[in-house]
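Topology and contacts: notes
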Amino acid sequence: MATLASPLPPGVSPPLTEENEHNHNGLIVIITSLGLFLALASLGIRIFASSKRSILLRDDYLLFVVVACACTQVSLVLVQVHFGWGKSEELILSADYPQMVKVGYVADLLYMLILGLSKICTMLFYQNLFLPRTRWMIKFILMACALWTLAAMLLLALRCSSDPWVDINHECQGLLPRWRAISAIDIILEALILSYPVVIILNVQIPQKKKITVLGILSCRIILIPLSAIHLYYIQKQIQSSNPTLLGAYATTTAELHLSLSIVLLTVSSLKLFVAVYEDDQGFAYTEDISGSHSNSGPTVPTAWRISRHVKDPSLLRGSGTEHEPILQGTSASASSSRTPCLLKRTNAILKSVQVSVTRESIELEDRGRPAV
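Read on for a plain summary of the structure. (Residues numbered from 1 in each chain as written. Predicted model: local features only at pLDDT ≥ 70, side-chain atom pairs only at ≥ 80, totals over all residues. Heavy atoms only, no water.)

Met112, Tyr126, Trp179 and Ile263 are the most contacted members of the largest nonpolar core, which totals 50 residues. Elements supplying a minimum of two residues to this core: helix H1 (25-53), helix H2 (58-82), helix H3 (97-129), helix H4 (135-157), helix H5 (175-201), helix H6 (208-218), helix H7 (224-240) and helix H8 (244-264). Tyrosine 126 has contacts with Ile138, Ile193, Tyr196, Pro197 and Leu218, leaving out every residue within four places of it along the chain. Grouped together as the second largest cluster of nonpolar side chains are 13 residues, Trp85, Val103, Ile168 and Ala249 included. (Core = buried A, V, L, I, M, F, W, Y, C linked by side-chain atoms within 4.5 Å. Buried < 20%, exposed > 50% of the residue type's maximum accessible area, 1.4 Å probe, protein only. Helix = DSSP H or I, 4+ residues; strand = E, 2+ residues; numbered from the N terminus. Contact = heavy atoms within 4.5 Å.)

On to the state of the cysteines, then. In total, this model carries one disulfide according to the counting rule given. Disulfide pairing is shown between cysteine 160 and cysteine 172; the S-S distance is 1.9 Å. Between cysteine 160 and cysteine 172, the S-S torsion sits near 80°, and that sign places the bridge as right-handed. Placement of cysteine 160 in the loop between H4 and H5 and of cysteine 172 in the loop between H4 and H5 is noted, with a sequence separation of twelve residues between them. A relative accessible area of 45% places cysteine 160 in the partly exposed class. Given a relative accessible area of 2%, cysteine 172 falls into the buried group. In this model cysteine 69 remains outside any disulfide bridge; the closest cysteine sulfur is found in cysteine 71, 9.4 Å from its own. (Disulfide = S-S within 2.5 Å.)

Below, the discussion takes up the side chain of lysine 119. Looking at the secondary structure, you find lysine 119 in helix H3. Assessed through its relative accessible area of 1%, lysine 119 is described here as buried. In this structure the side chain of lysine 119 is engaged in a polar contact, spanning 2.6 Å, whose partner is the side chain of aspartate 186. When neighbours within four sequence positions are excluded, lysine 119 is seen to be in contact with Cys145, Trp148, Asp186, Leu189, Glu190, Ile193 and Arg221. (Polar contact = N/O pair within 3.5 Å; in protein donor to acceptor, adjacent residues only side chain to side chain.)

With respect to the helices and strands, the residue serine 241 is situated in the loop between H7 and H8. The class of serine 241 is buried, set by a relative accessible area of 11%. If we ignore the near neighbours within four places in the chain, the residues touching serine 241 are His170 and Leu247.

Here we come to the pattern of salt bridges. Side chains carrying opposite charge are able to pair once their charged atoms draw close together. Applying the stated criterion across every chain yields a total of six salt bridges. Close ionic contact of arginine 159 with aspartate 108 constitutes a salt bridge, the shortest N to O distance being 3.6 Å. Taken together, the positions of arginine 159 in the loop between H4 and H5 and aspartate 108 in helix H3 put the pair 51 residues apart, joining distant regions of the chain. (Salt bridge = Lys/Arg side-chain N within 4 Å of Asp/Glu carboxyl O.)

Time to look at the packing of aromatic side chains. For the structure on display, the rule yields six aromatic pairs. Relative to tyrosine 126, the ring of phenylalanine 125 lies with its centre 5.7 Å away and its plane at 45°, an arrangement referred to as tilted. A single burial state applies to phenylalanine 125 and to tyrosine 126, both of which are buried. Centre to centre, the rings of tyrosine 233 and tyrosine 234 are 5.2 Å apart; their planes meet at 70°, and the pair counts as edge-to-face. Overall, the relative accessible area of 44% leaves tyrosine 233 in the partly exposed class. An aromatic cluster is defined as three or more aromatic residues linked by ring pairs; in this entry it consists of Phe125, Tyr126 and Tyr196. (Phe/Tyr/Trp six-rings, centres within 6.5 Å; stacked < 30°, edge-to-face > 60°.)

Structure representation (structure tokens):
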């Protein structure tokens, strides 16, 4: 085995990892650590948003599963680096090579699982956001994402030899076509996911500026399309290379970026920029009504709007009871607040209910001659 590293001065410990033309361990460790931070930060954002919303939806639970899988996948990649992934083949110990390729094999399968779950989580969010009459589109995309995830994991699990983890280069002729098919369908599914909110939001009666804001936020997933293509490019370089363990470092770092951003984008619905679109000039902001039913099997129930900051116009709080008026409505909906809640079943309408709480204050009353007790 050739030794390409220069000798260190006496008393100087070797670095934990290196980055040079024969060793890309440092690049993998930095990008993978960044991906782990982004995944955990996304989980923290969603937990905070769920605590404010006072309810957990199905996409929240699925996000927890996605982050758990991502932490496992990141750990496997770091173990793979420990065994030598990212180095030239001549720098890898022969005893470490089998463990390295086995760990990388499992990391690839988890990578595909996480990408598929992130797509499913996005569609579950859309299912909670939009009307029941568009559920058939969501179910179709959900089924396509689930089938793609299973097929992608199966195609990567079954390679050319009885030990599929050793097939990482051109000796397995069917490996590159499988990656190409997986990436092509991945891009198609992302295009479908991006097109769904465009079709729905354009039919909702909100100001054009707010439509652009919502579509801009929900269209952030478009960054995953070039990342998928770039990952395929480096996978092709790795498979066609005579030194796949070295060039495979670029495919791994791209995969970690792809994975982490797909998780980060699941939290855009929890950001203030997104929620502010559903906030009127008086400070009423959208939150889920914890007293209502949130079953996804039936029609969407009216959601509640609560005061998120000081009300600019106190006259809005006059009167007792709850007021209702449509905030988001379809092209066929009336702007009148006298319409019944049944409007939700045939139009794109979200009712606003103002919940007012009165704080008791000390009030001094005039003495009306009552005897002191």
